[in-house]
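Here's the letter readout for the chains.
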Amino acid sequence: MTPLIARILRICNSIKSPKRLEINNRHRLSSASIRSWECLYRSFKSSDLDENKKIKLETIKFPDISCNWSRFSYPWDIWYRRNGSLKDGCYSFSIKTARFKKIANPVHDPLKKTDDQIENYSHIEIRVMEEGKDFDFEPPKNKKLNSDKKKLEYRQNIQKRLRIKFNALH
């Protein structure tokens, strides 16, 4: 990386996050209000790609996947997060993909500003569903999936359906 590019990256990383990500007294929305055609944005690093430039399965975290909701953000807003970098790439997948076989459901989980956390109204966490529940149910954090087979199938579905919005830099 040239010194000029490194300097530009440092300057951009110090820029305040956009107003659209601020909570501004907006309330958290229910999972039932999240539409199947909307998208989720997730960051990735160049090391998350395999030799065919596809996202490696082992880098797709599940459960409790942290994403940005397209209703309130743009793909490049993934840079405005704790440990975010302008070198990060972004991929997207639909809410329909996130709700694959009722294994998981996205929950709107706006992040409040703290010393080490950037405020993010668009933040969503994809959490494990309970058996027999519908998509108006909001699963709690840290629920484990008891089936390694289902976990693998879920991650493979995301890998198969995701779309890279822009690539990560080396």
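For the structure given in this document, a descriptive report is provided here. No experiment lies behind these values; they were computed from the predicted model shown.

### Considering the overall build of the protein chain
Each helix and strand counted, the protein chain has three helices and six strands in total. With the principal axes as the frame, the protein chain shows a C-alpha extent of 55 × 45 × 25 Å. In the protein chain, which comprises 170 residues, the share counted as buried stands at 45%. Within the protein chain, counting contacts between residues at least 6 apart in sequence, those at least 24 apart form 77% of the total. As displayed, the protein chain has an accessible area near 10100 Å², and 51% of this comes from carbon and sulfur atoms.

### Here we look at the environment of K19
Position of K19 among the secondary structure elements: in the loop between α1 (3–13) and β1 (39–44). Residues within four places of K19 in sequence aside, it is in contact with N24 and R26.

### Topic: the pattern of salt bridges
Scanning the entire structure with this criterion turns up 12 salt bridges. Notably, a salt bridge pairs D134 with K102, separated by 3.6 Å at the nearest N-O pair. Here D134, found in the loop between β5 (123–128) and α3 (148–161), pairs with K102, found in the loop between α2 (95–98) and β4 (104–108); they are 32 residues apart in sequence, far enough to count as distant. Looking at D134, the relative accessible area reads 43%, which means it is partly exposed. Across the pair R127 and D109 runs a salt bridge, and its minimum N-O distance is 3.5 Å.

Conventions and cut-offs
Within each chain, residues carry numbers counting from 1 in the order of the written sequence. For this predicted model, a pLDDT threshold of at least 70 governs which residues receive local features, and a threshold of 80 or more governs which side-chain atom pairs are given and counted, while totals over whole chains, interfaces and linings are taken from all residues. To obtain the side-chain values, all non-hydrogen atoms of the structure were included, while hydrogens and water were left out. Elements are defined by DSSP. Helices are runs of H or I of four residues or more, strands are runs of E of two residues or more, and each kind is numbered from the N terminus. Accessible area is worked out with a 1.4 Å probe on protein chains only. A residue is then buried under 20% of its type maximum, exposed over 50%, and partly exposed in between. We call two residues in contact whenever any of their non-hydrogen atoms come within 4.5 Å of each other. For the area figures, the Shrake-Rupley method with a 1.4 Å probe applies, and any residue is considered shielded solely by the protein chains shown. By convention in these notes, a salt bridge is any Lys or Arg side-chain nitrogen within 4 Å of a carboxyl oxygen on Asp or Glu.

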